[in-house]
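# Descriptive analysis of the structure
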Amino acid sequence: MSLYKKILMAFLIFIILPLLLLGWGSYTLSQNLIESKFNEQTELTMKAVGRNIRYVLKEANYFSDYYSIIEPDIGLILKDLNTYSSNRNSNLPNYETEIRKSLLSYSPFLSVALYSKTGVTETATNTSSNFISYEQLKSSPIFEEVKKLNGIPKWIGPKEHKELQLNDTYFYQIRIIRDLYSTEELGMSIVQLQLKELENTFNLYNSDNLKSHRFMVMNKNGLVIFDNRNQELLGQNLLSQISEKLEPNQLFYSRNVTFQNEKNIISFYPLALEDLGASDWIVVSVTPRQYVTGQIQTIMTWIAILIGLILVSALIFNFVFVNRIIRFILHIVKAMKKVERGELDTRVMANAKDETTILARGFNSLVARIHDLVEEVKLQQNRHNKAELMLLQAQIKPHFLFNTLESINVLAIQNQGVKVSKMVHRLGKMLRISIYDKEEISIRNELEHLRSYLEIQEFRFEDSFKYEIHIPEHLLDYSILKLTLQPFVENCIQHGFEDIEYMGNIRIYAQEENDEIAIYIEDNGIGLTNEQLASFHYNLELNSSYESNDVVDGERRGLGLGNVADRIRIRYGSRYGIFICSQQNIGTTIKCVIPRYRGE
C-alpha cells in the first residue's frame, strides 16, 4: 500500500471516523435517553388511563349490579316473563316504563334488552336500537362466555361480535341476572352504553388537540374498539397495519413502527379488568417519533456544527500540510526508482525551509557518491574481466597445441609421413587463427578452424567417426569468440565416442532465435549421467569420463565446458552461454547461444 493511501486511511480512521462516531453516538444516546424517559412517562400515563377506565367500567357495573340484582324490579319483571312462553308474546304485559325507571335512569345506559329463560324478550331504549332474539343470542359463542362468568358482566366493544347485529358505535354489557336471595338464574340482559367518560379520560392527557398523543383501546386480536381520534380506526385491526404481534405476559412495552406512512412509537398496556368482565382490553398509545425526538434537534444542530468545523479544520490541515509532505516523499521515492534503473544523474529540488531541504540535499549527495562508486566499480570490473578472459585464453592455447602434437606423435611413430605432413599443415592453419590478436572472429573463420581440427582427428581416428556442418550462409559473417566450437567437438571425439563399437556421428548446425544465434553440436556417443548434468547446472566443471581434466606429466588434458561457458558469459552477459541435453547410450546435444551481431 502506498504512503498516500496509508496517510489517507489513517486520516479517515483516526479523525473522520471518530468524529462521525461521536456525532452518531451523541445522536443515538440522546435519542435513546429521551425515548427511555418518554416510555417511562407514557407508562405512568397509561397506568393512569387504565385506572380511569377501570373506574368507568366499575361504576357502570355497580349500577348494573344494583338495578339487576339488589333492586327487585328487574328480577320481578324476569320472573313474570319466565311464566310466558315465547309463542305468547302478543299477551305479554309492557314493562318498558319500569325498565326506564330502573336501568335507564343511569345516563350512560341508552338501551336495555331483558331475556327470560323461556325466550321472552323485553326492551326499553332512549335511542333507536335493534336487539337480537333470545334464540340468536343463545346460538352465539358469547352466550357460553357469559354463562362462565356466572353473573359478572361481559363487556363488548363496538364492532365486536358482529353476529349479535348490535350498533357498531356503542359499548354493550351482557350479563346473567339472578335472584338476590335464592341466586336462581332468572335470565340475561344486554345493556347499550355510551361511555363519554372514556373520551374525557383520553382527552385529559392530550393538551395539544390530539396532535402529539393518540389513544386507542383494542382487544387481544388487535381489533380497535375505541379511537379517540374521531373513531378513525374503529373496527380495524391495528396489529395487521403495524405488522406486530402482542407480547404475552408483559405489562408494558413499546415499539418503533411505521404507522400510516409515519414513524411512530406505539406503546401497549394490557388492562387487568378480568374482575369487571373486560379481560382482553389493551390500551394503545401512538406518538409520532418526530414529536419525541424533536427535543434533541437543537443539541444535534450544535453537534453537527461542531463536527463540521472540526472536519473542515482537519481537511485544511491534511491538504495544506500533510499532502505537501506526502508529495515530497513520493517525489523522493520516484527519484529513488530512477536511481534503481541506473539514472544516476537524478536530483531532487527542495525550496522549503524545513527538514525536507536537508533530506533532498542528503539524497543528492548520496546519489552523486553512488555515481562515483559505480564508475569506479565498472572500471575495476572491466579490468578484472579482461584479466580473467586473458587467463582463460592462455589456458586454451596450450591445450589445443598439446592435443594436436600428441596426435602427430602417434602418426610419426606409425611411420605415416604423408598423414603427418597433412596434419602439420592443418596445425599451421589452426595456429594461425589461435594467435590472431582479436578475441572475436567471424563464424566463417571459426568453422575453418573447426574443420582443420576435425581433419586432424580423422587422420588419427580413421573410420571412427564422421561429421557434417550445416550453417546458413547469412550467419557466417556474424561474430563469435574464437576457439568456442572446437572444445565441444573435442569432447565428442575423445570422450563421447570412447569404447563405442559403432560409427560416431557429429552434426553441427545453427539457427536464428529472435536476436540470438543458437549453434547446436549433436553426437551419438555414450551420453552423460544425471549427476553430471546436475553438476553442470550448478556451474561446476564436469569431471567424468566424458570430459577429462586429468593432469599428465604436469599438463592438463582436456578443456572443461564450464571454461567456454565462462568466456561467453564474461563477454556477452549472463543471458548467453551453453545448455546441455543428454541421455546415456543415446547421445548429447550442446546448445551454444551467442548474440547476433557483427564485431569490429
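Residues numbered from 1 in each chain as written. Predicted model: local features only at pLDDT ≥ 70, side-chain atom pairs only at ≥ 80, totals over all residues. Heavy atoms only, no water.

### Notes on the overall build of the protein
Across its full length, the protein carries 15 helices and 19 strands. Put simply, the protein has 600 residues, and 45% of those count as buried. Within the protein, counting contacts between residues at least 6 apart in sequence, those at least 24 apart form 61% of the total. (Helix = DSSP H or I, 4+ residues; strand = E, 2+ residues; numbered from the N terminus. Buried < 20%, exposed > 50% of the residue type's maximum accessible area, 1.4 Å probe, protein only. Contact = heavy atoms within 4.5 Å.)

### Describing the nonpolar core
Core analysis: the largest hydrophobic core is formed by 50 residues, its most contacted members being Ile471, Phe488, Ile506, Ile508, Ile519 and Ile578. With 7 residues, helix α12 (residues 443-460) is the single largest residue contributor to this core. Beyond its immediate stretch of four places on either side in the chain, Ile471 contacts Ile443, Leu447, Leu476, Ile508, Tyr509 and Ala510. Core analysis: the second largest hydrophobic core is formed by 43 residues, Leu81, Leu103, Val112 and Ile177 among them. (Core = buried A, V, L, I, M, F, W, Y, C linked by side-chain atoms within 4.5 Å.)

### Details of the confidence of the model for the protein
Mean pLDDT over the protein stands at 81; residues scoring 70 or higher make up 89%. Note on residues 540-559: pLDDT under 50 across the span, and 57 contacts to partners over four residues away in sequence or across chains. (pLDDT = per-residue confidence, 0-100.)

### A few points about the sheet that holds strand β15 (residues 516-523)
Spatial ordering of the open sheet is given by β12-β14-β15-β19-β18, a layout of 5 strands whose pairing is mixed. One side of each edge strand has no neighbouring strand; the edge strands of this open sheet are β12 (465-470) and β18 (577-583). Going across the sheet, the axis of each strand differs from the next one's by a mean of 15°, ignoring polarity. Pairing of β15 with strand β19 (residues 587-595), which is carried by 8 bridges, proceeds in the antiparallel orientation. Its bridge partner lying in β19, Tyr520 is registered against Lys591. (Pairing = 2+ DSSP bridges. Axes fitted to C-alpha atoms, helices over the stretch in contact; angles between N-to-C directions.)

### Description of the packing of α12 against helix α13 (residues 486-496)
Orientation of α12 relative to α13, taken along the N-to-C sense of each, is 20°, at an axis distance of 10 Å. As judged from the angle between their axes, α12 and α13 are roughly parallel. Relative to α13, α12 is oriented so that their crossing is right-handed. Where α12 approaches α13, its residues Glu446, His449, Leu450, Tyr453, Leu454 and Gln457 are matched on the opposing element by Gln486, Val489, Glu490, Ile493 and Gln494. Here the residues of the contact of α12 with α13 sort into 5 nonpolar, 4 polar and 2 charged. (Parallel < 35°, antiparallel > 145°, perpendicular 65-115°, else oblique. Left-handed = near helix turned anticlockwise from the far one by under 90°. Nonpolar A, V, L, I, M, F, W, Y, C, P; charged D, E, K, R; others polar.)

### Some remarks on the pattern of salt bridges
Within this structure, the stated rule accounts for 23 salt bridges. The closest approach of N and O atoms between Glu35 and Arg289, which form a salt bridge, is 2.6 Å. On the criterion of sequence distance, the pair formed by Glu35 in helix α1 (residues 3-70) and Arg289 in helix α8 (residues 289-293) is long-range, its members being 254 residues apart. The same class applies to Glu35 and to Arg289, which are both buried. When the shortest N-O distance is used, the salt bridge between Arg54 and Asp275 registers 3.1 Å. A residue pair is termed long-range when its members are at least 10 positions apart, and Arg54 in helix α1 and Asp275 in the loop between β9 (263-270) and β10 (282-288) qualify at 221 residues. Given a relative accessible area of 28%, Arg54 falls into the partly exposed group. Relative accessible area serves as the criterion here: at 46%, Asp275 is assigned to the partly exposed category. Taken together, the shared-partner salt bridges in this structure form one network comprising Arg214, Asp227 and Glu232. (Salt bridge = Lys/Arg side-chain N within 4 Å of Asp/Glu carboxyl O.)

### Observations concerning the environment of Ile174
In this structure, Ile174 sits in strand β4 (residues 171-178). For Ile174 and Phe143, which are 31 residues apart along the polypeptide, the C-alpha to C-alpha distance reads 8.9 Å.

### Let's talk about helix α2 (residues 72-81)
Among the residues making up α2, those that are buried are Ile74, Gly75, Ile77, Leu78 and Leu81. Down the axis of α2, the buried side of the element spans an arc of 160°, and every buried residue falls inside it. (Arc of directions from axis to C-beta.)

### Some thoughts on unusual backbone geometry
Positive phi, close to 55°, is recorded for Asn150, a residue that is not glycine. Phi is positive for Asn230, close to 55°, though the residue is something other than glycine. Within the secondary structure, Asn230 sits in the loop between β7 (224-227) and α7 (238-242). Using a relative accessible area of 74% as the deciding quantity, one classes Asn230 as exposed.

### With respect to the side chain of Asn264
Relative to the helices and strands, Asn264 is located in strand β9. The exposure class of Asn264 is buried, given its relative accessible area of 4%. Of the polar contacts made by the side chain of Asn264, one reaches the backbone oxygen of Glu262; its length is 2.6 Å. Residues within four places of Asn264 in sequence aside, it is in contact with Arg255, Asn256, Val257, Phe259, Val286, Thr287, Pro288 and Arg289. (Polar contact = N/O pair within 3.5 Å; in protein donor to acceptor, adjacent residues only side chain to side chain.)

### Section: the packing of aromatic side chains
The final tally for this structure, using the stated rule, is 14 aromatic pairs. Centroid distance Tyr106 to Phe109: 5.0 Å. Interplanar angle 85°. Geometry classified as edge-to-face. Neither Tyr106 nor Phe109 differs from the other in exposure class; each is buried. Each member of the aromatic cluster is reached from another via a ring pair, and the members are Tyr62, Phe63, Tyr106 and Phe109. The positively charged end of Arg507 is found above the aromatic ring belonging to Tyr509, 4.1 Å away from the centroid. Across from the ring centre of Tyr478, 4.3 Å away, lies the NZ or CZ of Arg598, which sits over that ring. (Phe/Tyr/Trp six-rings, centres within 6.5 Å; stacked < 30°, edge-to-face > 60°. Lys NZ or Arg CZ within 6 Å of the ring centre and 35° of its normal.)

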